[in-house]
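# Summary of structural features
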Amino acid sequence: MRIGQQLGDELRLWLEAGERHQLSSQALANRWIDALGRDDGLKAPLRDLAARPLFLQALRVSGPSRRTSLVQLRQELSQIYTPAVMRELVALLEGFSGETLSGEAFSGEAFSRDEPVREPSRSAPAPIAPTLHQLRLLAPGIALSAGAALVGMWLGHELERLVFRGWGWNGSVVLILGLALVEIAKASPLGGWLRGANLSSGDAGREGESWRWLLAPWLHPSLPEAALCLLLLVVLLGPSPLPLGSVVLRYLLTSLAALIPALLIARRAGLERAWGGSAGVVGALIGLGASLSLLQGRVLVYALGGDETPLQVPAWVLLLVFTTAEIIRTTVSWERDGRQPQDLNRRERLLSEPWIWGLILGTGWGGISWLLNQVERIMPTAGS
(Lines give C-alpha, C1' and ligand atoms only; values in the text may rest on other atoms or scores of the structure.)
Protein backbone atom coordinates (compact mmCIF):
# COMPACT_ATOMS: atom_id res chain seq x y z
CA MET A 1 0.00 0.00 0.00
CA ARG A 2 1.39 3.39 -0.97
CA ILE A 3 1.85 5.98 1.74
CA GLY A 4 -0.83 8.32 0.36
CA GLN A 5 -3.51 5.64 0.50
CA GLN A 6 -2.41 4.64 3.99
CA LEU A 7 -2.71 8.22 5.25
CA GLY A 8 -6.10 8.60 3.58
CA ASP A 9 -7.41 5.41 5.22
CA GLU A 10 -6.15 6.61 8.61
CA LEU A 11 -7.87 9.97 8.12
CA ARG A 12 -11.14 8.20 7.28
CA LEU A 13 -10.86 6.16 10.49
CA TRP A 14 -10.20 9.33 12.52
CA LEU A 15 -13.28 10.96 11.02
CA GLU A 16 -15.43 7.88 11.66
CA ALA A 17 -14.22 7.85 15.27
CA GLY A 18 -15.69 11.33 15.76
CA GLU A 19 -12.39 13.23 15.82
CA ARG A 20 -13.47 15.71 13.15
CA HIS A 21 -13.56 18.69 15.52
CA GLN A 22 -10.15 17.84 17.00
CA LEU A 23 -8.41 17.76 13.62
CA SER A 24 -7.17 21.29 13.15
CA SER A 25 -4.80 21.96 10.26
CA GLN A 26 -1.77 21.89 12.55
CA ALA A 27 -2.91 18.77 14.42
CA LEU A 28 -3.64 16.92 11.19
CA ALA A 29 -0.30 17.90 9.66
CA ASN A 30 1.50 16.73 12.81
CA ARG A 31 -0.27 13.36 12.70
CA TRP A 32 0.67 12.88 9.07
CA ILE A 33 4.28 13.85 9.70
CA ASP A 34 4.45 11.36 12.58
CA ALA A 35 2.96 8.66 10.36
CA LEU A 36 5.55 9.34 7.64
CA GLY A 37 8.40 8.48 9.98
CA ARG A 38 11.68 8.89 8.09
CA ASP A 39 9.97 9.54 4.74
CA ASP A 40 10.52 13.31 4.45
CA GLY A 41 9.64 13.71 0.79
CA LEU A 42 5.95 14.43 1.44
CA LYS A 43 6.25 16.58 4.54
CA ALA A 44 5.99 19.94 2.78
CA PRO A 45 3.10 18.90 0.46
CA LEU A 46 1.17 17.39 3.38
CA ARG A 47 1.58 20.54 5.49
CA ASP A 48 0.36 22.54 2.51
CA LEU A 49 -2.60 20.21 1.94
CA ALA A 50 -3.71 20.30 5.58
CA ALA A 51 -3.94 24.10 5.50
CA ARG A 52 -5.82 24.50 2.22
CA PRO A 53 -9.41 25.84 2.54
CA LEU A 54 -10.74 23.43 -0.11
CA PHE A 55 -9.41 20.46 1.83
CA LEU A 56 -10.85 21.72 5.13
CA GLN A 57 -14.16 22.27 3.37
CA ALA A 58 -14.08 18.70 2.04
CA LEU A 59 -13.66 17.47 5.61
CA ARG A 60 -16.83 19.29 6.71
CA VAL A 61 -19.20 18.39 3.88
CA SER A 62 -20.28 15.20 2.10
CA GLY A 63 -21.91 14.07 -1.12
CA PRO A 64 -21.67 16.19 -4.28
CA SER A 65 -20.29 19.17 -2.35
CA ARG A 66 -17.35 17.13 -1.13
CA ARG A 67 -16.60 15.82 -4.61
CA THR A 68 -16.71 19.34 -6.04
CA SER A 69 -14.25 20.54 -3.42
CA LEU A 70 -11.93 17.59 -4.02
CA VAL A 71 -11.94 18.02 -7.80
CA GLN A 72 -11.11 21.71 -7.45
CA LEU A 73 -8.44 20.89 -4.87
CA ARG A 74 -6.86 18.30 -7.16
CA GLN A 75 -6.68 20.81 -10.00
CA GLU A 76 -5.14 23.38 -7.68
CA LEU A 77 -2.49 21.01 -6.36
CA SER A 78 -1.62 19.71 -9.82
CA GLN A 79 -0.38 23.18 -10.75
CA ILE A 80 2.19 23.06 -7.95
CA TYR A 81 3.49 19.51 -7.45
CA THR A 82 5.14 16.93 -9.65
CA PRO A 83 3.20 13.86 -10.88
CA ALA A 84 4.94 11.63 -8.33
CA VAL A 85 3.82 13.83 -5.43
CA MET A 86 0.34 14.19 -6.94
CA ARG A 87 -0.11 10.42 -7.00
CA GLU A 88 0.33 10.27 -3.25
CA LEU A 89 -1.89 13.29 -2.58
CA VAL A 90 -4.68 11.98 -4.81
CA ALA A 91 -4.40 8.55 -3.20
CA LEU A 92 -4.81 10.26 0.19
CA LEU A 93 -7.88 12.20 -0.95
CA GLU A 94 -9.45 9.08 -2.44
CA GLY A 95 -8.66 7.06 0.67
CA PHE A 96 -10.47 9.31 3.12
CA SER A 97 -13.38 10.33 0.87
CA GLY A 98 -14.17 7.19 -1.13
CA GLU A 99 -14.30 9.32 -4.28
CA THR A 100 -12.48 8.37 -7.49
CA LEU A 101 -10.26 11.23 -8.57
CA SER A 102 -7.38 9.58 -10.38
CA GLY A 103 -9.17 8.77 -13.63
CA GLU A 104 -9.46 12.36 -14.83
CA ALA A 105 -6.82 14.52 -16.50
CA PHE A 106 -4.92 17.25 -14.76
CA SER A 107 -2.23 19.67 -15.96
CA GLY A 108 -2.89 18.48 -19.51
CA GLU A 109 -1.83 14.88 -18.80
CA ALA A 110 -3.82 11.74 -18.19
CA PHE A 111 -3.49 10.56 -14.62
CA SER A 112 -3.32 6.90 -13.73
CA ARG A 113 -2.34 5.45 -10.38
CA ASP A 114 -0.37 2.70 -12.10
CA GLU A 115 1.32 5.00 -14.59
CA PRO A 116 5.11 4.95 -14.17
CA VAL A 117 6.84 8.09 -12.97
CA ARG A 118 8.17 10.10 -15.89
CA GLU A 119 11.23 12.29 -15.91
CA PRO A 120 10.18 15.96 -15.92
CA SER A 121 10.70 17.78 -19.18
CA ARG A 122 14.06 19.52 -19.33
CA SER A 123 12.95 22.05 -21.93
CA ALA A 124 9.41 23.00 -20.91
CA PRO A 125 9.28 26.32 -19.05
CA ALA A 126 7.86 26.36 -15.53
CA PRO A 127 4.21 27.51 -15.41
CA ILE A 128 3.82 31.09 -14.29
CA ALA A 129 0.64 30.62 -12.24
CA PRO A 130 2.10 28.11 -9.73
CA THR A 131 5.14 30.33 -9.24
CA LEU A 132 2.94 33.34 -8.50
CA HIS A 133 0.90 31.22 -6.09
CA GLN A 134 4.04 30.17 -4.24
CA LEU A 135 5.25 33.78 -4.15
CA ARG A 136 1.98 34.80 -2.50
CA LEU A 137 2.52 32.13 0.14
CA LEU A 138 6.08 33.29 0.75
CA ALA A 139 5.27 37.01 0.61
CA PRO A 140 4.90 37.57 4.40
CA GLY A 141 8.30 36.02 5.10
CA ILE A 142 9.95 37.88 2.23
CA ALA A 143 8.50 41.21 3.38
CA LEU A 144 9.57 40.53 6.96
CA SER A 145 13.12 39.72 5.83
CA ALA A 146 13.36 42.86 3.71
CA GLY A 147 12.16 44.98 6.62
CA ALA A 148 14.64 43.25 8.94
CA ALA A 149 17.47 44.16 6.54
CA LEU A 150 16.62 47.86 6.91
CA VAL A 151 16.41 47.53 10.68
CA GLY A 152 19.72 45.66 10.67
CA MET A 153 21.33 48.48 8.69
CA TRP A 154 20.21 51.04 11.28
CA LEU A 155 21.25 48.85 14.20
CA GLY A 156 24.63 48.19 12.59
CA HIS A 157 25.32 51.91 12.16
CA GLU A 158 24.42 52.57 15.80
CA LEU A 159 26.49 49.70 17.18
CA GLU A 160 29.48 50.78 15.13
CA ARG A 161 29.15 54.37 16.33
CA LEU A 162 28.69 53.44 19.97
CA VAL A 163 30.91 50.35 20.35
CA PHE A 164 32.92 48.88 17.50
CA ARG A 165 34.47 52.05 16.08
CA GLY A 166 36.24 52.62 19.37
CA TRP A 167 37.55 49.06 19.28
CA GLY A 168 38.93 49.51 15.76
CA TRP A 169 36.78 46.72 14.29
CA ASN A 170 35.41 47.02 10.76
CA GLY A 171 31.96 45.89 9.73
CA SER A 172 33.09 42.65 8.10
CA VAL A 173 34.86 41.45 11.24
CA VAL A 174 31.76 42.08 13.34
CA LEU A 175 29.53 40.23 10.87
CA ILE A 176 31.80 37.18 10.71
CA LEU A 177 32.17 37.06 14.49
CA GLY A 178 28.39 37.31 14.84
CA LEU A 179 27.87 34.35 12.51
CA ALA A 180 30.52 32.36 14.39
CA LEU A 181 28.88 33.12 17.75
CA VAL A 182 25.54 31.85 16.42
CA GLU A 183 27.17 28.55 15.41
CA ILE A 184 28.80 28.26 18.84
CA ALA A 185 25.44 28.91 20.49
CA LYS A 186 23.79 26.23 18.33
CA ALA A 187 26.40 23.68 19.39
CA SER A 188 26.01 24.46 23.09
CA PRO A 189 23.64 22.54 25.40
CA LEU A 190 21.35 25.60 25.41
CA GLY A 191 21.17 25.76 21.61
CA GLY A 192 18.22 23.43 21.17
CA TRP A 193 15.85 26.27 20.29
CA LEU A 194 18.22 27.59 17.64
CA ARG A 195 18.64 24.13 16.13
CA GLY A 196 14.86 23.88 15.84
CA ALA A 197 14.43 27.38 14.40
CA ASN A 198 15.71 26.61 10.90
CA LEU A 199 13.55 27.62 7.96
CA SER A 200 12.24 24.49 6.22
CA SER A 201 10.42 24.18 2.90
CA GLY A 202 7.09 23.59 4.62
CA ASP A 203 7.54 26.31 7.24
CA ALA A 204 8.43 28.93 4.61
CA GLY A 205 4.82 29.44 3.52
CA ARG A 206 2.94 28.53 6.68
CA GLU A 207 0.94 31.05 8.64
CA GLY A 208 2.59 31.91 11.95
CA GLU A 209 6.04 30.69 10.88
CA SER A 210 7.28 33.86 9.16
CA TRP A 211 9.59 34.62 12.10
CA ARG A 212 11.87 31.83 10.84
CA TRP A 213 12.77 34.03 7.88
CA LEU A 214 14.41 36.48 10.28
CA LEU A 215 16.83 33.80 11.52
CA ALA A 216 17.44 32.09 8.18
CA PRO A 217 20.48 34.20 7.12
CA TRP A 218 22.18 33.47 10.45
CA LEU A 219 21.50 29.73 10.82
CA HIS A 220 23.49 27.34 8.63
CA PRO A 221 21.88 23.94 7.95
CA SER A 222 25.09 22.08 8.83
CA LEU A 223 28.34 22.74 10.68
CA PRO A 224 30.65 21.80 7.76
CA GLU A 225 28.91 24.31 5.50
CA ALA A 226 29.11 26.96 8.21
CA ALA A 227 32.86 26.39 8.65
CA LEU A 228 33.50 26.61 4.90
CA CYS A 229 31.40 29.75 4.45
CA LEU A 230 32.92 31.57 7.44
CA LEU A 231 36.44 30.78 6.24
CA LEU A 232 35.65 32.12 2.78
CA LEU A 233 33.99 35.21 4.23
CA VAL A 234 37.21 35.98 6.10
CA VAL A 235 39.05 35.95 2.77
CA LEU A 236 36.35 37.82 0.82
CA LEU A 237 35.33 40.46 3.36
CA GLY A 238 38.22 40.66 5.82
CA PRO A 239 39.82 43.88 4.50
CA SER A 240 36.53 45.50 3.42
CA PRO A 241 36.25 49.14 4.58
CA LEU A 242 32.43 49.17 4.47
CA PRO A 243 30.67 50.27 7.67
CA LEU A 244 28.78 47.68 9.69
CA GLY A 245 25.35 48.95 8.67
CA SER A 246 26.12 48.63 4.97
CA VAL A 247 27.68 45.19 5.45
CA VAL A 248 24.60 43.89 7.32
CA LEU A 249 22.19 45.36 4.74
CA ARG A 250 24.04 43.83 1.80
CA TYR A 251 24.45 40.51 3.58
CA LEU A 252 20.76 40.17 4.45
CA LEU A 253 19.43 41.31 1.07
CA THR A 254 21.84 39.07 -0.86
CA SER A 255 20.95 36.10 1.32
CA LEU A 256 17.25 36.76 0.70
CA ALA A 257 17.75 37.13 -3.05
CA ALA A 258 19.52 33.76 -3.25
CA LEU A 259 17.02 32.04 -0.95
CA ILE A 260 13.79 32.98 -2.76
CA PRO A 261 14.35 31.16 -6.11
CA ALA A 262 15.83 28.12 -4.35
CA LEU A 263 12.77 27.86 -2.10
CA LEU A 264 10.35 28.30 -5.00
CA ILE A 265 11.91 25.41 -6.90
CA ALA A 266 12.07 23.20 -3.79
CA ARG A 267 8.44 23.81 -2.85
CA ARG A 268 7.23 23.13 -6.39
CA ALA A 269 9.16 19.86 -6.37
CA GLY A 270 7.99 18.85 -2.89
CA LEU A 271 11.46 18.88 -1.35
CA GLU A 272 11.90 19.10 2.40
CA ARG A 273 15.12 20.48 3.90
CA ALA A 274 16.46 23.29 6.02
CA TRP A 275 17.48 26.60 4.45
CA GLY A 276 19.62 29.52 5.42
CA GLY A 277 23.13 30.57 6.26
CA SER A 278 25.68 32.50 4.24
CA ALA A 279 26.21 30.13 1.29
CA GLY A 280 24.19 32.36 -1.03
CA VAL A 281 26.18 35.42 0.00
CA VAL A 282 29.52 33.63 -0.42
CA GLY A 283 28.44 32.40 -3.85
CA ALA A 284 27.44 35.93 -4.88
CA LEU A 285 30.78 37.42 -3.78
CA ILE A 286 32.79 34.71 -5.51
CA GLY A 287 30.67 34.95 -8.66
CA LEU A 288 31.18 38.71 -8.72
CA GLY A 289 34.95 38.44 -8.33
CA ALA A 290 35.36 35.61 -10.85
CA SER A 291 33.20 37.30 -13.51
CA LEU A 292 35.04 40.61 -13.15
CA SER A 293 38.37 38.80 -13.40
CA LEU A 294 37.28 37.18 -16.64
CA LEU A 295 35.68 40.26 -18.21
CA GLN A 296 38.48 42.63 -17.23
CA GLY A 297 41.18 40.22 -18.38
CA ARG A 298 43.10 40.33 -15.11
CA VAL A 299 43.46 38.16 -12.03
CA LEU A 300 41.50 39.55 -9.11
CA VAL A 301 43.14 38.54 -5.83
CA TYR A 302 42.10 38.77 -2.19
CA ALA A 303 44.76 39.57 0.39
CA LEU A 304 44.71 37.66 3.67
CA GLY A 305 47.22 38.19 6.45
CA GLY A 306 49.65 40.92 7.46
CA ASP A 307 50.45 44.03 5.47
CA GLU A 308 54.03 42.94 4.73
CA THR A 309 53.49 39.43 3.35
CA PRO A 310 49.75 38.89 2.81
CA LEU A 311 48.46 35.66 1.32
CA GLN A 312 47.25 36.35 -2.24
CA VAL A 313 44.19 34.23 -3.11
CA PRO A 314 42.94 34.55 -6.73
CA ALA A 315 39.19 34.67 -7.34
CA TRP A 316 39.33 31.57 -9.56
CA VAL A 317 40.86 29.56 -6.70
CA LEU A 318 37.98 30.55 -4.42
CA LEU A 319 35.53 29.63 -7.18
CA LEU A 320 37.01 26.17 -7.59
CA VAL A 321 37.23 25.50 -3.85
CA PHE A 322 33.72 26.73 -3.14
CA THR A 323 31.92 25.00 -6.01
CA THR A 324 33.79 21.73 -5.49
CA ALA A 325 33.04 21.66 -1.77
CA GLU A 326 29.37 22.56 -2.30
CA ILE A 327 28.86 20.02 -5.08
CA ILE A 328 30.39 17.30 -2.90
CA ARG A 329 28.23 18.34 0.06
CA THR A 330 25.10 18.49 -2.09
CA THR A 331 25.78 15.12 -3.72
CA VAL A 332 26.49 13.42 -0.41
CA SER A 333 23.37 14.87 1.18
CA TRP A 334 21.16 13.67 -1.69
CA GLU A 335 22.70 10.20 -1.67
CA ARG A 336 22.31 9.98 2.09
CA ASP A 337 18.73 11.24 2.00
CA GLY A 338 17.02 8.84 -0.37
CA ARG A 339 13.56 9.80 0.85
CA GLN A 340 13.13 12.77 -1.46
CA PRO A 341 11.05 12.46 -4.66
CA GLN A 342 12.92 10.24 -7.09
CA ASP A 343 11.67 11.87 -10.32
CA LEU A 344 13.78 14.99 -9.86
CA ASN A 345 16.62 15.51 -12.26
CA ARG A 346 20.00 16.88 -11.22
CA ARG A 347 19.20 20.33 -12.56
CA GLU A 348 16.19 20.70 -10.25
CA ARG A 349 18.16 19.47 -7.29
CA LEU A 350 21.03 21.88 -7.91
CA LEU A 351 18.67 24.80 -8.55
CA SER A 352 17.12 24.24 -5.14
CA GLU A 353 20.46 25.19 -3.55
CA PRO A 354 20.95 28.87 -2.50
CA TRP A 355 24.69 28.78 -3.27
CA ILE A 356 23.90 28.15 -6.95
CA TRP A 357 21.66 31.22 -7.06
CA GLY A 358 24.32 33.22 -5.24
CA LEU A 359 26.80 32.38 -8.00
CA ILE A 360 24.23 33.31 -10.65
CA LEU A 361 23.41 36.62 -8.97
CA GLY A 362 27.06 37.51 -8.42
CA THR A 363 28.03 36.63 -11.98
CA GLY A 364 25.13 38.66 -13.35
CA TRP A 365 26.04 41.65 -11.22
CA GLY A 366 29.64 41.39 -12.36
CA GLY A 367 28.51 41.45 -16.00
CA ILE A 368 26.28 44.48 -15.38
CA SER A 369 29.08 46.32 -13.59
CA TRP A 370 31.48 45.64 -16.46
CA LEU A 371 28.96 46.86 -19.04
CA LEU A 372 28.30 50.06 -17.08
CA ASN A 373 32.03 50.65 -16.85
CA GLN A 374 32.37 50.24 -20.61
CA VAL A 375 29.54 52.70 -21.20
CA GLU A 376 31.19 55.26 -18.91
CA ARG A 377 34.45 54.89 -20.85
CA ILE A 378 32.71 55.30 -24.21
CA MET A 379 30.51 58.29 -23.28
CA PRO A 380 33.34 60.84 -22.75
CA THR A 381 34.91 59.70 -26.02
CA ALA A 382 31.64 60.16 -27.88
CA GLY A 383 31.12 63.56 -26.26
CA SER A 384 34.50 64.82 -27.35
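Anyway, here's the lowdown on the structure attached to this text.

Calculation rules
Every chain is numbered on its own, with residues counted from 1 as its sequence reads. Reporting in this predicted model follows two pLDDT cut-offs: at least 70 for local features of residues, and 80 or more for side-chain atom pairs to be given and counted; totals over whole chains, interfaces and linings ignore these cut-offs and use all residues. Side-chain calculation: all heavy atoms of the structure are included, whereas hydrogens and water are not. Grid points spaced at 1 Å over the protein atoms alone were grouped into cavities, where a 1.4 Å probe fits but cannot get out, and pockets, open sets with protein on both sides within 12 Å along at least five of seven lines, with lining residues defined by an atom within 4 Å of a point. Grid points are joined across faces, edges and corners, and a volume is the space filled by probe spheres set on the points. All amino acids are sorted into three groups, where Ala, Val, Leu, Ile, Met, Phe, Trp, Tyr, Cys and Pro are nonpolar, Asp, Glu, Lys and Arg are charged, and the leftover types, Gly among them, are polar. Within this scheme, the nonpolar core is defined by two criteria: the residues are buried Ala, Val, Leu, Ile, Met, Phe, Trp, Tyr or Cys, and they are joined through side-chain atoms within 4.5 Å. Exposure classes here rest on a 1.4 Å probe applied to the protein chains alone. A residue is buried below 20% of its type maximum, exposed above 50%, and partly exposed in between. Helix and strand labels come from DSSP, where a helix needs a run of H or I of at least four residues and a strand needs a run of E of at least two; each type is numbered from the N terminus. Between two residues, a contact is recorded if the distance between any of their heavy atoms is within 4.5 Å. In this description, a line fitted to the C-alpha atoms serves as the axis of each element, helices being fitted only across the stretch in contact, and the angle between N-to-C directions of two axes falls anywhere from 0 to 180 degrees. Every angle not falling under 35 degrees, over 145, or within 65 to 115 is termed oblique; those three ranges are roughly parallel, roughly antiparallel and roughly perpendicular. Note on convention: near helix rotated counterclockwise from far helix by under a right angle means a left-handed crossing. Clockwise means right-handed.

### Description of empty space enclosed by the protein
- Taken as a whole, this structure holds two cavities of 30 Å³ or more when the rule is applied.
- One number sums up the size of the largest cavity: a volume of about 50 Å³.
- Ser255, Leu259, Gly276, Gly277, Ala279, Gly280 and Pro354 together form the lining of the largest cavity.
- Residue composition of the lining of the largest cavity, by class: three nonpolar, four polar and no charged.

### A closer look at the nonpolar core
- Counting residues in each nonpolar core, the largest one holds 32 residues, and the members touching the most others are Leu232, Leu233, Leu236, Val282, Ile286, Leu318 and Phe322.
- In terms of residues, this core owes the most to one element, helix α11 (residues 223-237), which gives eight residues.
- Discounting residues that sit within four places of it in the chain, Leu233 has contacts with Ile176, Leu179, Gly238, Ser278, Val282 and Leu285.
- Counting 31 residues, the second largest nonpolar core, distinct from the first, contains Ile3, Leu15, Leu28 and Leu42.

### Observations concerning the packing of helix α1 (residues 3-16) against helix α2 (residues 25-36)
- α2 packs onto α1 with a crossing angle of 135° between their chain directions and a minimal axis gap of 11 Å. In this view, α1 runs oblique relative to α2, as classed from their interaxial angle. Taken as a pair, α1 and α2 cross one another with a handedness that is right-handed. Across the interface between the two elements, Ile3, Leu7, Glu10, Leu11 and Trp14 of α1 pack against Leu28, Arg31, Trp32, Ala35 and Leu36 of α2.
- Among the residues making up the contact of α1 with α2, the classes are represented as eight nonpolar, no polar and two charged.

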